[in-house]
Amino acid sequence: MFTGLIQTIGLIEQRDHARLVIHCPDIVAKIAIGDSVSVNGVCLTATQLSDTNFVADVSPETLGRTNLGDRKLKYVNLEMALAVGDRIGGHFVSGHIDGVGKLSDRALVGNSWELSFEAIPEVARYVVFKGSITINGISLTISYCNDSGSNFRVAVIPHTYDNTTLKYLDIGSSVHLEGDLLGKYVEKFLKSSHMTPHNLAAPAITPAFLLENGW
């Protein structure tokens, strides 16, 4: 489990069909063999360590669903797994991405950036105005989206832009997208076989209902 707050940028020094060697001298001393590390939003396991690098095995499934096998990809966002007692400054991120999207536009507004993305249907269903989304492992808030969620925009402060790989993206660059975990559970419950005709006939949730139940 992660929070989407990036700790450093790593450099992919080597890659093949089964592993990545990632240069990250800033945090490698804190990593132990077997630890989970978010690599551009993808949860990988550290299998080997050196003074400056860690090695992560990657399966064909991972390479098929991500862009980690892309030879043009050099820099990746890194975050170590959440420890008990850590502050949660972003939102809960599983490291299991829902799909790959792409950057469609970039605009400098004041001293911040507005980045627009296109999302495939598997991700778009979880895109909601002012909701959370993970882009290449970064926890961001959606500032605009169309009705389907297939096009959305995020506002990025200078600190986030300068200290993540967002600054390396070009128009058309692919990105890993993960929808908000809470939204997935809500969707699951609504589709559950436990939703009986009695449940479906229950009154809708209203402001009065929420007040009565302590919200």
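Residues numbered from 1 in each chain as written. Predicted model: local features only at pLDDT ≥ 70, side-chain atom pairs only at ≥ 80, totals over all residues. Heavy atoms only, no water.

Spatial ordering of the closed barrel is given by S7-S8-S11-S10-S9-S12, a layout of six strands whose pairing is antiparallel. Mean inter-strand twist for the sheet, computed between neighbouring axes without regard to direction, equals 45°. Sheet topology places strand S8 (residues 112-118) next to strand S11 (residues 151-156); six bridges connect them, and they run antiparallel. The residue bridging Leu115 from the neighbouring strand is Val154, located in S11. (Pairing = 2+ DSSP bridges. Helix = DSSP H or I, 4+ residues; strand = E, 2+ residues; numbered from the N terminus. Axes fitted to C-alpha atoms, helices over the stretch in contact; angles between N-to-C directions.)

Any two side chains of opposite charge can pair, given that their charged atoms come close. What the rule picks out here adds up to seven salt bridges. The partner of Lys184 in a salt bridge is Asp98, with the nearest N and O atoms 2.9 Å apart. Here Asp98 lies in the loop between strand S6 (75-80) and strand S7 (99-109) and Lys184 lies in helix H4 (residues 181-191), a separation of 86 residues in the sequence. Arg125 is the partner of Glu187 in a salt bridge, and the nearest nitrogen-oxygen pair spans 2.8 Å. Of the two residues, Glu187 is situated in helix H4 and Arg125 in the loop between helix H2 (121-124) and strand S9 (132-135); the sequence distance between them amounts to 62 residues. Residue Arg125 is classed as partly exposed on the basis of its relative accessible area, which comes to 44%. (Salt bridge = Lys/Arg side-chain N within 4 Å of Asp/Glu carboxyl O. Buried < 20%, exposed > 50% of the residue type's maximum accessible area, 1.4 Å probe, protein only.)

This part takes up the sheet that holds strand S4 (residues 42-49). With antiparallel pairing, six strands are arranged side by side around a closed barrel as S1-S2-S5-S4-S3-S6. Strand-to-strand twist across the sheet, computed as the mean angle between neighbouring axes with direction ignored, equals 45°. With four bridges joining them, strand S1 (residues 8-15) and strand S2 (residues 19-23) adopt antiparallel strand pairing. Bridged to Arg15 within S2 is Leu20.

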